[in-house]
Amino acid sequence: MTAEDKEGVPRFGDTMQIRLLQKTMEVTYMIQDVHKYLERTWQQRMRELLHYSKKLSHKRFKETSDPTHYAIFQRLRAQCTVLVSQCRRKLLDRINDSVSNNPKSFWSYFSPTQFFQSYLRGRTLSVRCGTAISHPISAESGVPQGSHLGPFLFNLFINDIGDALTAKHLLFADDVKFFLESSSGHDVDRLRSSLRAVEHWCFENSMDLNISKCSVMTFSRSRNPLFHDYYLGSELLHRVWKMKDLGVITTSTLHPDEHVRFICRRANSTLGFVFRFSGGLHVDSLVTLYKTLVRPLLEYNSSVWAPYQSTLISDIERVQVRFIRVVGCRMGYNYLEVPVPLLKSHFRLHDLDIRRRIQDSVLLMKLINGVVGCPELLQELPFHIPGRTRSQDLFERLQYSTLYQQRSTLPRLLQLGNEISGSVDFFSPGVARFRSQAVRLLTANDGVSDE
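None of these values were measured; they are calculated from a predicted model.

Brief notes about the overall build of the protein chain
Here is step 1: In terms of regular secondary structure, the protein chain is built from 16 helices and twelve strands.
Here is step 2: Residues classed as buried in the protein chain amount to 32% of the 451 residues present.
Here is step 3: Within the protein chain, contacts between residues at least 6 apart in sequence are counted, and of these 57% link residues at least 24 apart.
Here is step 4: If you sum the accessible surface of the protein chain, you get close to 29000 Å²; carbon and sulfur atoms cover 55% of it.

If you want it as structure tokens, here you go:
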């Protein structure tokens, strides 16, 4: 549409051309080459001239209804489109020439301040209902959802909340966790002080807390743990005994049984879905679906929750055995007569416990070589300095008072590292090469060839 609702007020089609031209010119202005100054000046003058001329010709057409004036208006509008295309093509040509030689130079074409301003300003919101779209309204605040820049801007906004806390804290997206080892009333006061600090920070930054999603959890293996009440404002925070955090169910005793039951239910449910809707597929396709849709559910973040109890290990392995038996039935076997070890070897399906050990070894290698950037964990690794003994251990052998502590994440990684350090290179230059070494070593006696 090119007509105007009122004299001098362009409608959407005309406005879109002008804004597109302005936005393109803004990006062009961001080019840092000084010798392009005259070109930018010419483009700016051309834009202003075309905008003014087009507006004037459209006004004359509204007054006289003369087709000549409308033809002039169409020609000027076409020139605006051509100028936009030329500016964009020149900018892309420069970026392509530069990026082909040095990819990092892409960012030198933009001013960060103008980049964020162009992203946040001029935003409009509309409502669609079927084929009807409401009139756009200006978005005076907020960040467009689903954007790549949105999380970064949110981090900039929330990152200083930790300065107000006196307790240790963890931030992930819009979730804040702060914690403290509570051994006295002073520690309880520090936690309560952190709650008040969060409440004050939210007030200062015009943010509202969803108190219904806030909770308190006490981690203790004592038979008689101490519990204290915590408040946000005047509301008492409810206490929970388990919670799902980043996909892992954590209980107050840090026992993995709840999470193991959860992932087994999910895996069996997904496995049933695959079987119901895979009629007629080849067994190799079923194996691919199992490896893609089911097995990752049983292995996600396993270094945190990997069980040492034989019953839990068997519960997890039973999911894979069920899959092998059903596949065997489609190959012509009876369910209880399926040769599970033979089919495991044929389809190259290692025991899930062995696969968890492989993942543990790869995680340890990444920590040592800085692939996983976590200095807090790296400083907890007690490297062994060789002395007069013949020990080839990579880490010091530490003593633990309980079996639970001995089988927890970090001690388990250290023990595994000592077991395989004589046969694999933890300082290998590549993760893929190290993983292949660990797979060959840890799967040598399970009767399954390497995947």
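After that view of the structure, there is still more to cover.
Side note on the packing of aromatic side chains
Here is step 1: Tallied over the full model, the rule gives six aromatic pairs.
Here is step 2: Between Phe273 and Phe277, the ring centres sit 4.9 Å apart and the planes meet at 45°, which makes this aromatic pair tilted.
Here is step 3: Residue classification places Phe273 among the partly exposed positions, given a relative accessible area of 44%.
Here is step 4: Ring geometry for Phe426 versus Phe434: centroids 5.1 Å apart, planes at 45°, classification tilted. With respect to class, Phe426 is no different from Phe434; both count as buried.
Here is step 5: Each residue in the set Phe275, Tyr290 and Phe323 is aromatic and connected to the rest through ring pairs, giving one cluster.
Here is step 6: For the cation-ring pair, Arg221 lies above Tyr404, with the distance from its terminal atom to the ring centre recorded as 3.8 Å.
Here is step 7: Above the face of the Tyr335 ring, Arg325 is positioned so that its terminal group lies 5.8 Å from the ring centre.

Quick notes on the packing of helix α8 (residues 283–299) against helix α12 (residues 352–369)
Here is step 1: Where α8 contacts α12, the axes come no closer than 11 Å and their chain directions differ by 70°. With respect to each other, α8 and α12 are oriented roughly perpendicular. Residues Tyr290, Arg295, Leu298 and Glu299 of α8 pack against Leu352, Arg355 and Gln359 of α12.
Here is step 2: Along the lines of polarity and charge, the residues of the contact of α8 with α12 split into three nonpolar, one polar and three charged.

Topic: helix α5 (residues 149–158)
Think of an α-helix as turning once every 3.6 residues; residues three or four places apart then point the same way.
Here is step 1: Every buried residue of α5 is accounted for by Leu149, Gly150, Leu153 and Ile158. For α5, the angular spread of buried residues about the axis comes to 160°, placing them on one side.

Topic: the environment of Phe172
Here is step 1: Tracing the backbone shows Phe172 in strand β5 (residues 168–172).
Here is step 2: Expressed as a C-alpha distance, the spacing of Phe172 and Asn155, which sit 17 residues apart in the sequence, is 9.1 Å.

Brief notes about the confidence of the model for the protein chain
Caution is warranted with low-pLDDT regions, since their predicted coordinates should not be read in detail.
Here is step 1: Summing up the model confidence of the protein chain, the mean pLDDT is 78 and the portion of residues at 70 or higher is 79%.
Here is step 2: Predicted confidence for residues 1–41 stays below pLDDT 50, and this span has 66 contacts to residues more than four positions away or in other chains.

Considering the side chain of Arg325
Here is step 1: Here Arg325 shows up in helix α10 (residues 310–330).
Here is step 2: Lacking a salt bridge, the buried Arg325 has Glu337 as its closest oppositely charged neighbour, with an N-O distance of 9.2 Å.
Here is step 3: In this view, Arg325 contacts Tyr335, Leu336, Glu337, Val338 and Val340; residues no more than four positions away in its chain are not counted.

Some remarks on the pattern of salt bridges
Here is step 1: All told, the structure shown has twelve salt bridges when counted by the stated rule.
Here is step 2: Lys344 is paired through a salt bridge with Glu317; the nearest N and O atoms lie 3.9 Å apart. In this pair, Lys344 is assigned in helix α11 (residues 340–347) and Glu317 in helix α10, connecting sequence segments 27 residues apart.
Here is step 3: Under the relative-accessibility criterion, Glu317 is labelled buried at 15%.
Here is step 4: Between Glu419 and Arg357 there is a salt bridge whose closest N-O contact spans 3.0 Å. Note that Glu419 is positioned in helix α15 (residues 409–420) and Arg357 in helix α12, a separation of 62 residues in sequence.
Here is step 5: Looking at Glu419, the relative accessible area reads 46%, which means it is partly exposed.
Here is step 6: Among the charged side chains, a salt-bridge network with shared partners connects Lys242, Asp257, Glu258 and Arg261.

The rules behind these values
All residue numbers refer to positions counted from 1 along the written sequence of the respective chain. Since the coordinates come from a predicted model, pLDDT governs what is reported: local features require at least 70, and pairs of side-chain atoms require 80 or more to be given and counted, while whole-chain, interface and lining totals use all residues. With hydrogens and water excluded, all non-hydrogen atoms of the structure serve as input to the side-chain values. Here a helix means four or more residues in a row that DSSP labels H or I, a strand means two or more in a row labelled E, and each is numbered from the N terminus. Three exposure classes are used, based on accessible area relative to the maximum for each residue type with a 1.4 Å probe and protein chains only: buried under 20%, partly exposed in between, and exposed over 50%. The contact definition used throughout considers only heavy atoms, calling two residues in contact when any of these lie within 4.5 Å. Residue exposure ignores everything except the shown protein chains as possible cover, and the areas themselves are Shrake-Rupley values with a 1.4 Å probe. Aromatic rings from Phe, Tyr and Trp, with only the six-membered ring used for Trp, were paired whenever their centres fell within 6.5 Å, and each pair was classed as stacked if the ring planes differed by under 30 degrees, edge-to-face if by over 60, and tilted otherwise. Whether a charge sits over a ring depends on NZ of Lys or CZ of Arg being within 6 Å of the ring centre and within 35 degrees of the ring normal. To obtain each axis, a line is fitted to C-alpha atoms, and for helices this fit is confined to the stretch in contact; angles are then taken between N-to-C directions over 0 to 180 degrees. For classification purposes, angles smaller than 35 degrees are called roughly parallel, those larger than 145 roughly antiparallel, those between 65 and 115 roughly perpendicular, and all remaining angles oblique. Here the nonpolar group is Ala, Val, Leu, Ile, Met, Phe, Trp, Tyr, Cys and Pro; Asp, Glu, Lys and Arg are the charged ones; every other residue, Gly included, is treated as polar. Note that the arc is computed from the directions linking the helix axis to the C-beta atoms. For every residue, the predictor reports its confidence as pLDDT, a number between 0 and 100. Charge assignment in this entry is limited to Lys and Arg as positive and Asp and Glu as negative, and neither His nor the chain termini are counted. Each salt bridge in this description consists of a side-chain nitrogen of Lys or Arg and a carboxyl oxygen of Asp or Glu lying within 4 Å of one another.

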